[in-house]
Amino acid sequence: KFEARVTHISFVVQSNTFPASELAARVDAFVADSLQRRLRTHTPRARAAFAKAVAELRKSKLERPKTLSELAGRYWSEVFHGSRVFDRQAREAEHLSDV
């Protein structure tokens, strides 16, 4: 059985009226509200599966790199993309605790 899933979503929000901080806050509220409404409409089995998937993702984020090459790849990716958030895995895992 083939099941299509959305793994991520991206969109652009622009305004001549509101500052970026206001737009970001509104987008965050919209996404959080949408997620909560979506979870309320699912069966307990679906909610349990979602919670398990989040826990597994959090666990994978907290896994130590298995090789020096993997660690170097993570760091170089941060440098390449200009973000330099070298503790990204831990930060993402922390945010997943709130989901």
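Rules used throughout
Residues numbered from 1 in each chain as written. Predicted model: local features only at pLDDT ≥ 70, side-chain atom pairs only at ≥ 80, totals over all residues. Heavy atoms only, no water. Helix = DSSP H or I, 4+ residues; strand = E, 2+ residues; numbered from the N terminus. Salt bridge = Lys/Arg side-chain N within 4 Å of Asp/Glu carboxyl O. Buried < 20%, exposed > 50% of the residue type's maximum accessible area, 1.4 Å probe, protein only.

Novice: Teacher, can you tell me more about the environment of A90 here?
Specialist: You can see A90 is positioned in helix 4 (residues 88–96). As for A90 and V27, which are separated by 63 residues in sequence, their C-alpha atoms are 24 Å apart.

Novice: What should I look at first to understand unusual backbone geometry in this one?
Specialist: Of all residues except glycine, most have a negative phi; of all peptide bonds, most are trans. Residues other than glycine seldom take positive phi values, yet R84 does so here, at roughly 55°. Mapped onto the secondary structure, R84 falls in the loop between helix 3 (68–81) and helix 4.

Novice: Explanation requested: the pattern of salt bridges in the structure shown.
Specialist: All chains considered together, the criterion is met by 7 salt bridges. Two residues, R26 and E22, come together in a salt bridge whose shortest N-O distance is 2.8 Å. Here R26 and its partner E22 are both found in helix 1 (residues 20–41), 4 residues apart, which amounts to about one turn of the helix. E22 gets classed as partly exposed once you look at its relative accessible area, which sits at 30%. A salt bridge links R74 to E70; its shortest N-O distance comes to 3.3 Å. Of this pair, R74 and E70 both sit in helix 3, 4 residues apart, roughly one helical turn.

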